[in-house]
Structure formats: C-alpha cells, structure tokens
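# Structural features, examined
Spelled out, the chains give:
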Amino acid sequence: MVLVYSDDKKLTLELLNKASELGKELHKKVIAVTIGHEEYATEYIECGADLVIVAETSQHQFKVEEYTSILENIMKEYQSEIALIGSNKNGKELAARLAARLNAGCVMDCTKVYIQDKKLTTERIVYSGNAIAVEQFLSPPQIVTIPSKVFDPLPKNPHHKGEIVKKKFDGEHSPLKILNIQDMKSEGVNVEDAQIIVSCGRGFKKKEDIRLVSELADILKGRTVGCSRPIAADLKWLSEDHWIGLSGHKVKPKLYIACGISGQIQHIAGMRDSGVIVAINKDPEALIFKSADYGIVGDLYEILPKLTNAIKGKIG
Amino acid sequence: MNIIVCAKQVVDVAEIKVDSSTKKPILAGVPQKISDMDKNALEEAIKIKEKHGGKITVITVGSPDAKERMKELLAMGADEGVLIPTPEHADYHVIAHLLAGAIKKKGTYDMILCGEASIDMFSGQMGPRIAGLLNIPQITYAQTLTVEKNKVTSERNLGEKTVTVESPFPVLITMTKESNQPRLPSLMAILASSSKPIHDWSVDSVLTEVLIPKIKTIDIKGIPMQRKNIIYQDDLDQSIGKLIDELTKVGVLR
C-alpha cells in the first residue's frame, strides 16, 4: 500500500497524484488518510485514492504525539510500505516521529520521487541550496515528505472507485496542552501563486523605502512584493508571507525582480525556478547577478523610480 | 534542571564553493562548525540553568575532530560533553538511536534541546525522532521557552500561526534560529572550560544491537543554473531602456 497523509487538503490531492503513479508501477493500492474530515473522502477517491481511512478522534487540533500514533496504527494494520506525507511544519515533525516509531527511513522535502533499480529513490536540495542529494531506501517502511506545488493534483475522475472506511482511534494521549493559537501578522500575500514578483533585501535603508518596490509591483501585473530573510525575519519590515528563500516560500513566477538582494544561496533556493530573473544591485560583484538573466548595476534609489516610470510609459 | 543538548558538527555551508564545470559542491577542505541552531539550543539551556540551576550535557555523534568544536560549547556554558563516533554506515535512523541510547545511558533528564534542523541537510528529523524513540512529548520550532517548576510553556513558530503549548517534563524541544542570540564565550570562560570533561562513549556502550541504515545516499549532484547573465552597468537611462526592450521581447512585460 502507498499511504498519503497531510492535514492540508490541497497538498493531499497533489500527493495522491504521485502515490497513484507509484501505486501503478509497484502494483499497490493507494490509501488516503484524513483525521477528522470525512467530507474530503469523495474528492480523495476522485483524485486517485483506492481507499480513504477516516480516522475519528476526539482530538481535532493537531497534536503530533496523537496523530503519529494514529498513522502508526494504520501503517501497521495495512502494511504500508510507502508513506507520502505533506511537507508543511506539522507534516515534517509528524513524519520524523512516525519514522522513529516504525524504525523507518525518512527523507524530507523531496522534489523528485521515483523507482530506480527497483528501489524507492528521492531527490532533495541540501547544503543550503548548493546541491541535490539523491537517496535510496534500503528497506520498508519508507517515509517521504513532499512540499506543496511539487506535483499537480490529478484531474477529478468521478468514475474512479474507492472505499471509505471509518475507524475510531483512542490511541496515545499527549500530555501537551495547547493554550493558544494565534494567526501571525500577515498581509494576505500569496507569493507562491504570483506571476510577477518584485523583491527587496538589505539594500534598502529604511522600512518606508520599500514603497519603491511596491510602486514597481503595482505597475506590473501580479502586484506582489517579496523579500529576503533579513527583511522578514530580522528587521520585520514585512510579514513572513513575503519571505522568499529556503526557509521561506519557494516561488516560480514568470518574472522575478530582485532589488538590493545580495543573492545568498538560501534566497536563490527559493526563487531559482522563476522564468526570467532581473537583479538590481549596486555591487557589480554581488552573487545575485550570477543567478540573473538581466542585471543593472547601480543605486536602487535612483533606478527603481526611473524603471517604474519607464514601464508605466511602456504598458500604461 | 537536567538538560541535554544535542549538537552536530557540520560543514560551514556559507563557505561551500561550487565546481564551475560539474556544478557539484566542493566539500573537501570546507571549515567545520557546530550547526547554528544547535547553538541556539545551548544558549536557551544556559539561560534556563542561570535561572533554575542544574546541569547541561552536550551530546554529539561525530568524528574525533568534533571535540575541538565541542570545547566551544563548554566555554559557552555547557558542563560536560559526550562524543560518540559516527559509525561507518549511518543515516538518521542510526544516529537517532545513538543519541537516544546515550540519553538513556545518561539517565535522568528534564529537557532535551535540539536545533530545529542542521544547516547542512536541513531535515529537522533528529529532534522528533529522539522524542519518538524515548516516547516523550515534543515541542518543535520553539521561539520562546518559559520554564517553571513542573512545566514549560513555549510559543511555536508555525509560519502563518503561533501556537502556545505547555508540557510537563521530560520533553524534547527544538529551537529556531530567531529564538535567541547565542553568546560568544569570554576569554576567561574559554580558559575555565579547559577543565570540563568530554567523555568518549563507544557505539557499543549506547546501543544493544547493530543497526542497519534504512537509507543510502547514492549521489550528491550539482544544481544547473543557466541564466543569461546580461548585466548593464553604464548609463542608467540607457540600461533601463535596454532592460525593458529585452523583457518585452521575451514576453514578460505586457
């Protein structure tokens, strides 16, 4: 069996595509697990699941100890050899704990998953974006986590047949108490879906100057502002939903304009799949130029207003 | 408060150069250091010890030269170190069993602190794996810790959400890079730390059975980056004009 789980429905649908492909190749059935969300079951079947297990539990908030124990039970009962788990923060801590409980191998954040020499093989980015590690599982169970947008969901097929099984779990009880859940200050930006992104980095002297980037972004369709780590994580000039990089968001817009960003490999790892990359930096030696299609060397305080005006003239 | 900190010696990823023809990283000769977030974990442990007293033990699985780096952790404020050699064949499964085995051998502990991930591989597996093997609760991505007599409260950074949780002891916690600023040891502290012990524990002394890895790395590939690298650095107005022409030509300005 190839098992799929994420607490994110969209991500589950994406993983089902890969699971169906592996299932076909290995002649295994595909199981999707949902904890508490019976209403997702039909869609999971239409997108490739042969069996949906609806885990019924009194615990509706994600608690890793309890969710791990549910998945541990399911994997043992159904003898799942492969588990694909959505690589968000909940999924990653769950996958690693589950791997320990099952004495299983686990590879995180895979961007490719395939069978080579009859072995499950994965690829992921390591060394801070400098290389790709190709790893192979030597024995089951095998746990792989996959980030969002690596695969597209299969188109819904209303003729695909599957079974829904409801199961009650009163497994492990977590001694952890959740006291509060607070949404982070967010500006409602979705950089991952943006077609055009204008990004800012340490080249900006103060918070107010970021308007130079927003003005350019406003002229361009997409209107999305991104930033590198220091702007979101250290200076907090922008909320973390703008943050592009290895630990931030990974983006692939048609056009990416990096302003005052030095081009640390961690940032490149978040935007290297962009269509066209433009860099503006005053340092001709800045690393960002190596990763750019076009670059202008100069003072962004001079360049950005001029560029914004010129583009306004061109596309209105 | 007995605190165990797990620390890993890694290559300094900021110093990695890429071979221009194969695009593969050149790892030989890259300086080694203790992974950044493991230092955040130790810093947090020291702060807790300063307030509540106790003992801090740093455990590392690594090569013999990791001892040099561990001395830095003792100078920061850890009380003792334990170094276990890396077995010839090892993966996360094997290393997690070694660390959990060493923690069990150590005996009593209230908290185990780890970095949220190591800077070289950035998997973040080790903390949750150790918690899973010891069957204790885990708090990952901790931004803050408030320790009281019988419990710890923590704000966890989950990106779009902050989740505040409370746990009894023992508990395993992984710290983020933003959680604190690891201290630089003073010269006095460095000199004083020379008397602190680093114990060598063999693999056999912490494991009862021989463990076989579940995963094998078959290749470390380079990442191809093919970009046009057209850089304008003369007259600004001309540069902007040329850039807009190019962007229009490739069809991204419409």
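Residues numbered from 1 in each chain as written. Chains lettered and ligands numbered in written order. Predicted model: local features only at pLDDT ≥ 70, side-chain atom pairs only at ≥ 80, totals over all residues.

## Some details on the overall build of chain A
- For chain A, the helix and strand inventory stands at eight helices and 16 strands.
- Taken over the C-alpha atoms alone, chain A extends approximately 65 × 50 × 35 Å along its principal axes.
- Residue burial in chain A is summarised as follows: out of 316 residues, 53% are buried.
- Sequence separation of 24 or more characterises 62% of the internal contacts of chain A that already satisfy a separation of 6 or more. (Helix = DSSP H or I, 4+ residues; strand = E, 2+ residues; numbered from the N terminus. Buried ≥ 20, exposed ≤ 12 C-beta atoms within 10 Å, placed from the backbone. Contact = placed C-beta atoms within 7 Å.)

## Things to note about the overall build of chain B
- Each helix and strand in chain B was counted, giving seven helices and 15 strands.
- Expressed along its principal axes, the backbone C-alpha trace of chain B runs to roughly 70 × 40 × 40 Å.
- Counting the 254 residues in chain B, one finds 44% classified as buried.
- Within chain B, residue pairs in contact and separated by at least 24 positions form 70% of the contacts whose partners lie at least 6 positions apart.

## Considering the interface of chain B and chain A
- Counting residues at the interface gives 68 residues for chain B and 70 residues for chain A.
- Of all the elements in the fold, those that place two or more residues in the side of chain B that touches chain A are helix 3 (92-106), helix 4 (126-134), strand 9 (138-147), strand 11 (161-168), strand 14 (215-221), strand 15 (230-232) and helix 7 (236-249) of chain B.
- Among the elements that line the side of chain B that touches chain A, the one with the most residues is helix 7 of chain B, at nine residues.
- Across the side of chain B that touches chain A, the residue classes tally to 34 nonpolar, 17 polar and 17 charged.
- By the bridge criterion, six bridges tie strand 8 (residues 131-137) of chain A to strand 14 of chain B in an arrangement that is antiparallel. Paired with Gln136(A) across the bridge in strand 14 of chain B is Lys216(B). (Nonpolar A, V, L, I, M, F, W, Y, C, P; charged D, E, K, R; others polar. Pairing = 2+ DSSP bridges.)

## Points about the domain arrangement of chain A
All names here are of chain A.
- Domain boundaries assigned for chain A yield domain 1 (2-168) and domain 2 (191-315).
- Each of domain 1 and domain 2 has a C-alpha centre, and these two points are 34 Å apart.
- Every contact between the two is made by five residues of domain 1 and, on the other side, six residues of domain 2.
- Split into classes, the residues belonging to the side of domain 1 that touches domain 2 amount to one nonpolar, three polar and one charged. (Domains from an automatic or database assignment.)

## Here we look at the packing of helix 5 (residues 211-219) of chain A against helix 8 (residues 300-315) of chain A
All names here are of chain A.
- Following both chains from N to C, one finds helix 5 and helix 8 inclined at 15°, their axes separated by 9 Å at the closest point. Put simply, helix 5 runs roughly parallel to helix 8. Crossing of helix 5 against helix 8: the hand is left-handed. Between helix 5 and helix 8, the residues in contact are Leu212, Glu215, Leu216 and Ile219 and Leu304, Pro305, Leu307, Thr308, Ile311 and Lys312, respectively.
- A breakdown of the residues in the contact of helix 5 with helix 8 according to their chemical character gives seven nonpolar, one polar and two charged. (Axes fitted to C-alpha atoms, helices over the stretch in contact; angles between N-to-C directions. Parallel < 35°, antiparallel > 145°, perpendicular 65-115°, else oblique. Left-handed = near helix turned anticlockwise from the far one by under 90°.)

## A few points about the sheet that holds strand 7 (residues 119-126) of chain A
- Read across the open sheet, the four strands follow the order 6(A)-7(A)-8(A)-14(B); overall the sheet is antiparallel. Whereas interior strands pair on both sides, the edge strands pair on one side only; in this sheet they are strand 6 (112-116) of chain A together with strand 14 of chain B. The sheet shows a mean angle of 25° between the axes of neighbouring strands, direction not considered.
- The sheet contact formed by strand 7 of chain A and strand 8 of chain A spans six bridges and is antiparallel. Residue pairing in the sheet places Thr121(A) in a bridge with Gln136(A) of strand 8 of chain A.

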